[in-house]
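Fold and geometry: a report
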Amino acid sequence: MVVLDATIVNIALPSAQQALDISTADRQWIVTAYTLTFGGFLLLGGRIADFFGRKRTFLVGLLGFAAASALGGAAVNAETLYAARALQGLFGALLAPAALSLITVTFTEAKERAKAFGVFGGISGGGAAIGLLAGGLLTEYANWRWCLLVNIPVAIIAFVWAMAVVKESKASGDTRYDVPGAILATAGQVALVYGFTKAATDGWSSSVTIGWLAGAVALLGAFLFWESRTKHPLLPLRVLFDRNRGASYLVSILLGAGMLGMFLFMTFYLQQTMGYSALKSGVAYLPFSGGIVAAAIVASRLLPRVGPKVLMATGALLATAAMVWLTQLDLDSSYAVHILPSFVAMSFGMGLVFVPLSSVALSGIANHDAGVASAMVNTTQQVGGSLGTALLNTIFTTAVTGYLTDHGAEPLQQAHAAIHGYNVAFTASAILLAVAAVVVIVLVRNTKSDASTQENAPVIVH
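Residues numbered from 1 in each chain as written. Predicted model: local features only at pLDDT ≥ 70, side-chain atom pairs only at ≥ 80, totals over all residues. Heavy atoms only, no water.

1. Focus on the overall build of the chain
We count it as follows: Counting from the N terminus, the helices are the DSSP runs of H or I reaching at least four residues and the strands are the DSSP runs of E reaching at least two. For this measure, only C-alpha atoms enter the radius of gyration; the expected value for a globule follows 2.2 Å times N^0.38, where N is the number of residues. Using a 1.4 Å probe on the protein chains alone, a residue whose accessible area is under 20% of its type maximum counts as buried, one over 50% counts as exposed, and one in between counts as partly exposed. Note on definitions: a residue-residue contact is assigned when non-hydrogen atoms from the two residues lie within 4.5 Å. Computed with the Shrake-Rupley method and a 1.4 Å probe, the accessible areas treat only the protein chains shown as cover for residues.
Counting its secondary structure elements, the chain contains 18 helices and zero strands. For a compact globule of 462 residues, the expected C-alpha radius of gyration is about 23 Å, and the chain comes in at 21 Å, within 12% of that figure. Viewed in the frame of its principal axes, the chain has a C-alpha envelope of about 65 × 45 × 45 Å. When the 462 residues of the chain are sorted by exposure, 57% land in the buried category. Pairs at least 24 apart in sequence give 83% of the contacts found in the chain among residues at least 6 apart. Carbon and sulfur atoms form 68% of the exposed surface of the chain, whose accessible area is close to 17800 Å².

Right, dumping it as structure tokens:
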């Protein structure tokens, strides 16, 4: 449900934007309100799952997610929709680490745990595929609001089954929460994304933009300082300062930024430039979702043999090549020639990266830190997605404005301006993905023997 909700709304974006009269600069908040609160509170959610009880946290997350979905489905203005998406992210931040922690503590034998996370990864990939297709179906034949309301029956069914089947578990020992750390981390991320958003309307050199970005740096710096001093850190710096784990988290941020930017712009390209319906757009994305699932299966089998570094580097380079290919899009581009190859290459690249990335990110983690380390995998991707979406949307808006200023605002020039904006944004995405490949090649050091012995490392497909 959590993965589905990150993709199902993408297909509905044009319809929701039109229905609620949302500007181009602000439309990214439909995505980032969710990913920002999701990423911002995942660390706290991981600690709550560890200390409050993983089953109890999971159940609370389900009910809250359903309520937030109901609010979003009933939204009559942009502000209500943004608030509902933020609440979905908040309760998703309880659900995701609780689910991962429950699997980790339930399946203690290495082979059974590998099977469990294989199923989990398959369902995650399936959730992405179902989200894209369901988003198209619901938007086409019902209403974009059902892309949110559909979560309610899913949450209720999961709640009933979890009550009967899932067993409770908690961490022992130090179980105090770091509320100041959670506030500083979340406020810093919000300020950073909002600063990027203001750049789209006020410019990069405006005092408002600079003020928000400077505030973000100060808040995030204060967060790291606080975490190094407090006795009960939200994010123990020992989790970050392992070379392999730190590199994997940085790669996750870069990949999240590059990939979610692609989804945002390709949805508008398919529907507004190519004239696809919402349903046809969802079907067009299916090769991407299927490729991730297939690549995850391949990566799970190859990981013990070749090690994580080879798989991650290959995947990041594939994703970079896919994004470079998308920079060739034009008004009359062909789906089969220009889009499908990119979707397939990107999906295989992401699948090859995320399976070993999760393994590296969670290797050598003590049981007491299992929740927060699991949350960091999702946190970095969601934070990357939030920042990437805001940054790339700002780059797109700036590029379009500059093109129209130079070429005029006739209808044909407006269409060419949008294409120019997409291509500039895709170029920026390609740079982010290329940097991720460099980080893997330079910093990740796991050998294949390490990969085969990492019993505590879940395999996650996002």
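2. Describing the packing of helix α1 (residues 2–19) against helix α4 (residues 78–106)
Two quantities define a packed helix pair, namely the angle between the axes and the distance from one axis to the other. Condition: Every angle, taken between N-to-C directions, lies between 0 and 180 degrees, and every axis is a line fitted to C-alpha atoms, over only the stretch in contact when it is a helix. Working rule for angles: under 35 degrees goes down as roughly parallel, over 145 as roughly antiparallel, 65 to 115 as roughly perpendicular, anything else as oblique. By convention, the crossing between two helices is left-handed when the near helix turns anticlockwise from the far helix through less than a right angle, and right-handed when the turn is clockwise. Under the scheme applied, nonpolar residues are Ala, Val, Leu, Ile, Met, Phe, Trp, Tyr, Cys and Pro; charged residues are Asp, Glu, Lys and Arg; polar residues are all the others, including Gly.
At their nearest, the axes of α1 and α4 sit 10 Å apart, and the two run at 155 degrees to each other. In terms of orientation, α1 and α4 fall into the roughly antiparallel class. Between α1 and α4 lies a crossing of left-handed hand. Mapping the contact onto sequence places Val2, Asp5 and Val9 in α1 and Arg85, Gln88, Gly92 and Leu95 in α4. The residue inventory of the contact of α1 with α4, partitioned by class, reads three nonpolar, two polar and two charged.

3. What about unusual backbone geometry?
Non-glycine residue Asp21 carries a positive phi angle of around 55 degrees. Its relative accessible area of 70% is what places Asp21 among the exposed residues.

4. Here we look at the nonpolar core
The condition is simple: Only buried Ala, Val, Leu, Ile, Met, Phe, Trp, Tyr and Cys residues count toward a nonpolar core, and they belong to the same one when joined by side-chain atoms within 4.5 Å.
Ranked by size, the top nonpolar core spans 123 residues in total, and within it Val251, Leu255, Met262, Met266, Met346, Met350 and Tyr422 carry the most contacts. Looking at which element gives the most residues to this core, the answer is helix α11 (residues 243–273), with 16 residues. Residues within four places of Leu255 in sequence aside, it is in contact with Met350, Val353, Phe354, Leu357, Leu433 and Ala436. Counting residues in hydrophobic clusters, the runner-up holds six residues, among them Ala296, Leu303, Leu311 and Val355.

5. Describing the packing of helix α2 (residues 29–52) against α4
It is at 6 Å that the axes of α2 and α4 come closest, and there the two elements cross at 35 degrees. At the point where α2 passes α4, the crossing takes the right-handed sense. For the contact of α2 with α4, a count of residues per class yields 19 nonpolar, seven polar and two charged.

6. Things to note about α1
Worth spelling out the cut-off: Here the expected span of a helix is defined as 1.5 Å times the quantity of residues minus one.
If you check α1, its first and last C-alpha atoms are 24 Å apart, about what 18 residues at 1.5 Å a residue would give, namely 26 Å. Within α1, 13 of the 18 residues are buried, which leaves the element mostly enclosed by the surrounding structure. Following α1 by one or two positions, Asp21 has its phi on the positive side, about 55 degrees.

7. Concerning the side chain of Glu227
What counts is decided by this rule: Nitrogen and oxygen atoms within 3.5 Å of one another constitute a polar contact, given that in protein one can donate a hydrogen and the other can accept it, and given that sequence-neighbouring residues count only through two side-chain atoms.
Note that Glu227 resides in helix α9 (residues 207–229). On the basis of relative accessible area, Glu227 is assigned to the buried category, the value being 3%. Polar contacts involving the side chain of Glu227 include one to the main-chain amide nitrogen of Leu234, which spans 2.8 Å. Within the local environment of Glu227, its side chain forms a polar contact with the backbone nitrogen of Leu235, the two atoms lying 2.7 Å apart.

8. Regarding a nonpolar patch on the surface
Here is the rule we go by: The patches reported here contain residues having more than 30% relative accessible area and no salt bridge. Joining distances are 9 Å for like charges and 5 Å for nonpolar side chains (Val, Leu, Ile, Met, Phe, Trp, Tyr). Any Lys or Arg side-chain nitrogen located within 4 Å of an Asp or Glu carboxyl oxygen qualifies as a salt bridge.
Together, Phe52, Val60, Tyr177, Val179 and Ile183 line one region of the surface with nonpolar side chains, adding up to about 430 Å² of accessible area. Its location among the elements puts Val60 in helix α3 (residues 54–73).

9. Some words on the packing of aromatic side chains
Let me state the cut-off plainly: Only Phe, Tyr and Trp rings take part, Trp by its six-membered ring, and two of them pair if their centres are within 6.5 Å. Stacked means planes under 30 degrees apart, edge-to-face means over 60, and tilted covers everything else.
A full pass over the atoms with the stated rule returns nine aromatic pairs. Their ring planes at 80 degrees and their centres at 6.2 Å tell us that Phe288 and Phe343 sit as a pair that is edge-to-face. Of the two residues, Phe288 sits in helix α13 (residues 286–306) while Phe343 sits in helix α15 (residues 335–361), which places them 55 residues apart along the sequence. There is no split in this pair, since Phe288 and Phe343 are both buried. Both rings, one in Phe396 and one in Tyr422, keep their centres 5.1 Å apart while their planes meet at 20 degrees; by these two values the pair is stacked. Of the two residues, Phe396 sits in helix α16 (residues 370–407) while Tyr422 sits in helix α17 (residues 411–443), which places them 26 residues apart along the sequence. For the pair Phe396 and Tyr422, a shared accessibility class is recorded, and that class is buried. An aromatic cluster of three or more residues is present, and its members are Phe265, Tyr269, Phe396, Tyr422 and Phe426.

10. A look at the side chain of Ser333
Note that Ser333 resides in the loop between α14 (308–326) and α15. Within polar-contact distance, the side chain of Ser333 engages the backbone nitrogen of Asp330 at 2.6 Å. For Ser333, the contacting residues outside a window of four places in its chain are Tyr269, Met274, Gln328 and His338.

11. A few points about the environment of Gln271
Structurally, Gln271 is set in helix α11. Counting along the chain gives 258 residues from Gln271 to Leu13, while the straight-line C-alpha distance between them is 10 Å. Every residue in contact with Gln271, bar those within four places of it in the chain, is listed here: Ile11, Pro14, Tyr276, Ser277, Ala278 and Ser281.

12. Looking at the confidence of the model for the chain
This is how it is decided: Across the chain, each position has a pLDDT score giving the predictor's confidence in that residue, from 0 to 100.
The predicted model of the chain averages 83 in pLDDT, with 90% of residues at 70 or higher. Predicted confidence for residues 449–462 stays below pLDDT 50, and this span has 43 contacts to residues more than four positions away or in other chains.

13. Brief notes about α4
Helix length check: α4 (29 residues) gives 41 Å between terminal C-alpha atoms against 42 Å at 1.5 Å per residue, within 8%. Capping of α4 at its N-terminal end is provided by Asn77; its side-chain oxygen lies 3.3 Å from the backbone amide nitrogen of Glu79.

14. Some remarks on the environment of Pro341
In this fold, Pro341 is placed in helix α15. The partly exposed category is assigned to Pro341, whose relative accessible area is 37%. When the C-alpha atoms of Pro341 and Ala322 are compared, they prove to be 7.5 Å apart, with 19 residues separating the residues in sequence. In this structure Pro341 touches Trp325, Tyr335 and Ala336, once residues within four positions along its chain are discounted.

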